Amino acid sequence: MPRGDQPIDHLLRRAGFGATTAETALFSGMSLSAAIAQLLDYQRQPDEVDSKIGSDQYVGVTTRGGAFSPNTNIEDARQRWLFRMVHSQRPLQEKMTLFWHQHFATAYGKVAGFGGPIQGTKMMALVSGALPGPQGQIELFRSRALGKFRDLLIEVARDPAMIVWLDGRTNTRQRPQENFGREVMELFTFGIGNYSEQDVYAAARVFTGWNLQLAGANNQDPNAYYEFSYRPNQHDPTAKVFTFPIYADGGQTIPARAAADGMQDGIDFLSALARHPETARRLVRKMWGFFVSEQESAPADFVEGAVKVYLGSDTEIRPVVDYILRSPWFLDPRSLYARYSWPAEFVARAVKETGWQGFSIDGARTPLANMGQTLFDPPDVNGWELGAGWISTGAMLARMNFASTLAANQKFNLARAVPQGARTAADAFIGAMLNRFSPMSYTEGSRAALLGYVASGGPWTGSDTQLNIKAPSVARLILGSAEYQFV
Amino acid sequence: MAGITRRRFIRDGAAAVAITYAAPAFLSDIARAQGAVARNLVVLYLSGGNDALNTVVPYTDGFYYSRRPNIAVPAGLVLQIGSDAAGRPLGLHPRLTGLRDIFNEGRLAIIQRTGYENSSRSHFQGIDIWGTGDPRSTSGTGWLGRYLDTLGSSDPLVAWNSTRETPRALVSRTVGVPAIPDARTYSFSSPNTGAEALAERDAATRMASASDSSAPHLAFVSSTTLGAFSTLDRVGAVAGYVPSIGYPNSGLGLALKTVAGAIAKGVGTRVFWVSTGGFDTHANEGAAGVGAYATLMGTVNDSVLAFYSDLKNQGLLGSTMLLEFSEFGRRISENGSQGTDHGAAAVMMALGGGVRGGLYGTAPSLDPDPANPTLENAGADVRHETDFRSVYAKVLDSWLGVDSVSVLGGNFKNGPGIV
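Residues numbered from 1 in each chain as written. Chains lettered and ligands numbered in written order. Predicted model: local features only at pLDDT ≥ 70, side-chain atom pairs only at ≥ 80, totals over all residues.

Caption draft 1: Just the overall build of chain B, in detail. Scanning chain B for helices and strands turns up 13 helices and 13 strands. In terms of C-alpha radius of gyration, chain B reaches 22 Å, essentially the compact-globule figure of 22 Å for 419 residues. Here chain B, with 419 residues, has 60% of them falling under the buried criterion. (Helix = DSSP H or I, 4+ residues; strand = E, 2+ residues; numbered from the N terminus. Rg over C-alpha atoms; globule rule 2.2 N^0.38 Å. Buried ≥ 20, exposed ≤ 12 C-beta atoms within 10 Å, placed from the backbone.)

The structure is reproduced here in structure tokens:
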């Protein structure tokens, strides 16, 4: 069986970002069940990856005059996240963080437009305790990656970046503002078809007064920060009537209550949304696409099974992911390579499999933008267009050109890594390169094209000179091939 | 909208494209007819839901001012463009001086109150409906994609998308539309140089040609790669275009300059797609004709004016039409954030050498009386008067020269006579 078809490799591509040589060695000694448990129970693994930034033996980062500042400089925050995707010992945590970033898509551009670049970065990326202020939105996702969706939803609703992003800060009793109230139903929970325009009006009123405030003298100060602030005088205390149940007894009306207690409106409303069966269905279908397949619709058995787990665990995500990874559909041969890799996944996997000695992950930032995925800056609140939506001529050129940059940078490492016994025969050389990477199987014709390339320019002897020329180009051809774009 | 549905129709589109691309004809060198100047269409999408009432201002309607106390454009500042068929005086936003000049040249058509029944207030459903040209469907091919299908072209550069994602409108059964966000970076690189790099590019082409064409997704990616290789050199030529006039240094300015380059160099493109964002103005639109919304209008005005003038200078205006739209208009009353929330009917515009300029359709009365027939949603939103598909039909029938009934799947031939 080709390396890429092995269940462990499949698992590491889906529940992580692929595997380095060392990770492949570590996991290949485990049963699949033990590997799933290790990935899911990630809190048992050390979270020391940030301390490795800047060390030898790890992919590099590039600073722009001054210290590496992932809490206050968004470019550094992007580098830090990519570094974690490549090197974290908790790959599933990073993977779910990316999932929530897509689900609650919030763009740094608007947040920084309001608070400036320092506060914008803090609101998106601040590591708890690194500077004063609440943790950034991505850290919120990271810390609650497999927790209860209800709790995450409530935290997101009071997250300063979200309050800027969907204009909650201007939502007041006198003039309700519908942006968050609409999107929380359309995109974050149960989706179109489950609510009316009247529900949008009522939802806007629920969140009147959910605001933020600056603590500190001015937003240029890295020690200043924005924090959530509930303003009772801006809250509409009257009753809100919905077309769907808010309470366990079927009640559809959030009662009038004193403005001082008005935050309870939002908690009641978000709790109802989180526990709504259609929210459960929508979430598990998204997770199906994320973990299992973009090429087959989620079967009804799968959906109802996963929904039962979700509702039965009071909206906790960990058992849902556990259910998915252990379900028969996950290992079904039709699920192998049935996902288009997201650009960030493509980059992390390419770096893991190509090597990184002497490469700065900063070299991936502009290519990622050209591939269509700038981390912390999704195009809109609906997130990125997934699946085939990632693929266009421009995006394929960007993927191929990143592969070229990486392979050229790793030229000598790639050449030296070819085992002695696989050098003199062109077929063995290609075999070794394909084993190093893990693309979907090639047709005979595609493999023949690779062999034809190796034979171009003169007879193949496997000399160091030839390896230095051909190994990086073969790596680029593999990384840029259609087969490699699937995980 | 539900993600799964979105994926599914992309998948279906992808499968269909891949099958066509796997045909040997695609792999042969593509003959390009470049001689005669064919008509082309440039679609400009204002992303986020443009506030039509501040673009084309009903400046004598008292309700416009009472319902927008902070963000209304003062009557004294609007650029007057006369009255519509109902005798209602209208004015353009003060930053639209270039569009006003084109209007005065008789080459700008403004179509008020365009939309459809039960207008979606969702960005994502809205743009998909404008894309498919079918309010009942947000999936499948787009109206421009189906037009491309009628051309029977094997050249992917028959269409040119200047954004990163393929919009629903350009999803086609037979054409995998190239995405060219920046012609300058649309290039191929190799770890090696010279003959070695050429051999590698040749191998990449062979690998893509030989990949498993029975697996639709794989074939879609391979065909996209082949599409990139077959368009590289021509796009590279466009990247070197020197316009006859300066363009603003904005994303839209760059995109329209590139489109003008592709038209001037005759690369054979029939449909261009450009977009500019920021129109989801829930907050701080700005007062008295200055502020965030004025900036948006400035971006559109300055870029479109440069494009129009550039083509005009080169005698290329007669073969070009630019068609502007947005996924919805906005609520009539401003919200508490000096912005506006999602609404219904919008404004479309068309300009070019073949356009019959003027004001089409009638302005709404903004009287919040729930019985007001020009509004909907209990007087909150503008109700459509002109079905957007009838504008598409006019463009298809009278500009692009194809039968709109087959492209749109219905008869919408009663549209405004903009061309």
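Caption draft 2: Quick peek at the overall build of chain A. A tally of regular secondary structure across chain A gives 23 helices and 4 strands. The C-alpha atoms of chain A give a radius of gyration of 24 Å, which matches the 23 Å a tight globule of 487 residues would have. Seen through its principal axes, chain A has C-alpha atoms that stretch 85 × 55 × 40 Å. Taking all 487 residues of chain A together, the buried fraction comes to 54%. Relative to all contacts within chain A whose residues are 6 or more apart in sequence, the contacts with residues 24 or more apart total 71%. (Contact = placed C-beta atoms within 7 Å.)

Caption draft 3: Geometry of helix H10 (residues 179-188) of chain A. All names here are of chain A. Extensive coverage of H10 is indicated by the burial of 10 of its 10 residues. By the burial criterion, the buried members of H10 are Asn179, Phe180, Gly181, Arg182, Glu183, Val184, Met185, Glu186, Leu187 and Phe188. Where H10 is buried, its residues contact helix H5 (91-103), helix H8 (149-157), helix H11 (197-206) and helix H12 (263-275).

Caption draft 4: Spotlight on the pairing of strand E1 (residues 40-46) of chain B. Residue and element names in this part refer to chain B. A large share of E1 lies buried, amounting to 7 of its 7 residues. Going residue by residue along E1, you find Asn40, Val42, Leu44 and Leu46 tucked away on one face and Leu41, Val43 and Tyr45 tucked away on the opposite face as well. With 7 bridges joining them, E1 and strand E8 (residues 320-326) adopt parallel strand pairing. From the neighbouring strand, Asn40 faces E8, where its bridge partner is Thr320. By the bridge criterion, 6 bridges tie E1 to strand E7 (residues 271-276) in an arrangement that is parallel. (Pairing = 2+ DSSP bridges.)

Caption draft 5: Fine view of the packing of helix H21 (residues 426-436) of chain A against helix H23 (residues 464-479) of chain A. All names here are of chain A. At their nearest, the axes of H21 and H23 sit 10 Å apart, and the two run at 50° to each other. Here H21 is positioned oblique relative to H23, judged by the angle of their axes. Relative to H23, H21 is oriented so that their crossing is right-handed. Contact residues: Ile430, Met433 and Leu434 in H21; Val474, Ala475 and Ile478 in H23. Of the residues that constitute the contact of H21 with H23, the class distribution is 6 nonpolar, no polar and no charged. (Axes fitted to C-alpha atoms, helices over the stretch in contact; angles between N-to-C directions. Parallel < 35°, antiparallel > 145°, perpendicular 65-115°, else oblique. Left-handed = near helix turned anticlockwise from the far one by under 90°. Nonpolar A, V, L, I, M, F, W, Y, C, P; charged D, E, K, R; others polar.)

Caption draft 6: Quick peek at the sheet that holds strand E4 (residues 89-92) of chain B. All names here are of chain B. With antiparallel pairing, 3 strands are arranged side by side in an open sheet as E2-E4-E3. Edge positions in the open sheet fall to strand E2 (56-57) and strand E3 (79-83), since each of these has one partner strand only. In terms of strand pairing, E2 meets E4 through 2 bridges, oriented antiparallel. Opposite Val56, over in E4, you have Leu92 as the bridge partner. Contacts from helix H5 (residues 97-104) reach E3 and E4, with the element oriented near 35° to E3.

Caption draft 7: Spotlight on the nonpolar core. If you look at the biggest cluster of nonpolar residues, it comprises 268 residues, and the most contacted ones within it are Val347 of chain A together with Val43 and Ala350 of chain B. The contacts of Ala350 of chain B, once residues within four sequence positions are left out, are Ala109, Met321, Leu322, Leu323, Val355 and Ile418 of chain B. (Core = buried A, V, L, I, M, F, W, Y, C linked by C-beta atoms within 7 Å.)

Caption draft 8: Fine view of the interface of chain A and chain B. Tallying the contact residues gives 62 residues for chain A and 58 residues for chain B. Elements represented by at least two residues in the side of chain A that touches chain B include exactly H10, helix H13 (277-292), helix H19 (393-409), helix H22 (444-455) and H23 of chain A. Per-element tally for the side of chain A that touches chain B: the top contributor is H19 of chain A, with 10 residues. Its residues assigned to classes, the side of chain A that touches chain B comprises 18 nonpolar, 30 polar and 14 charged.

Caption draft 9: Main features of the environment of Gln314 of chain B. Residue and element names in this part refer to chain B. Residue placement: Gln314 occurs in the loop between helix H11 (292-313) and E8. For Gln314, a count of 14 C-beta atoms within 10 Å corresponds to the partly exposed category. For Gln314 and Ala264, which are 50 residues apart along the polypeptide, the C-alpha to C-alpha distance reads 8.0 Å. The residues touching Gln314, leaving out its near neighbours within four places in the chain, are Ser244 and Ala264.

Caption draft 10: Quick look at the packing of H19 of chain A against helix H9 (residues 216-239) of chain B. Two elements in contact, H19 of chain A and H9 of chain B, have axes separated by 8 Å at closest approach and are oriented at 90°. In terms of orientation, H19 of chain A lies roughly perpendicular with respect to H9 of chain B. Residue-level inspection shows Thr393, Met396 and Leu397 of chain A of H19 of chain A in contact with H9 of chain B, the latter providing Thr224, Thr225, Gly227, Ala228 and Thr231 of chain B.

Caption draft 11: Looking closely at the pairing of E3 of chain B. Residues and elements named next belong to chain B. As judged from the 3 bridges shared by E3 and E4, these two strands associate in the antiparallel manner. Each bridged residue has a counterpart across the sheet, and for Ser83 the counterpart in E4 is Pro89. Connecting the antiparallel pair E3 and E4 is a turn made up of 5 residues, with Gly87 showing a positive phi of about 80°.

Caption draft 12: Representation of the environment of Gln89 of chain A. All names here are of chain A. With respect to the helices and strands, the residue Gln89 is situated in the loop between helix H4 (74-87) and H5. Along the primary structure Gln89 and Gln43 are separated by 46 residues, whereas in three dimensions their C-alpha atoms are 9.9 Å apart. Beyond its immediate stretch of four places on either side in the chain, Gln89 contacts Gln45, Pro46 and Val49.

Caption draft 13: Quick look at unusual backbone geometry. Residues and elements named next belong to chain A. Notably, Gln57 is not glycine yet its phi reads approximately 80°, a positive angle. As for its placement among the helices and strands, Gln57 is situated in the loop between helix H3 (32-40) and H4. A positive phi angle, near 55°, is found at Tyr337, a position not held by glycine. Inspection of the secondary structure assignment puts Tyr337 in the loop between helix H16 (328-331) and helix H17 (343-354). We classify Tyr337 as buried; it has 26 C-beta atoms within 10 Å.

Don't take any of this as a statement about function, it's just geometry.
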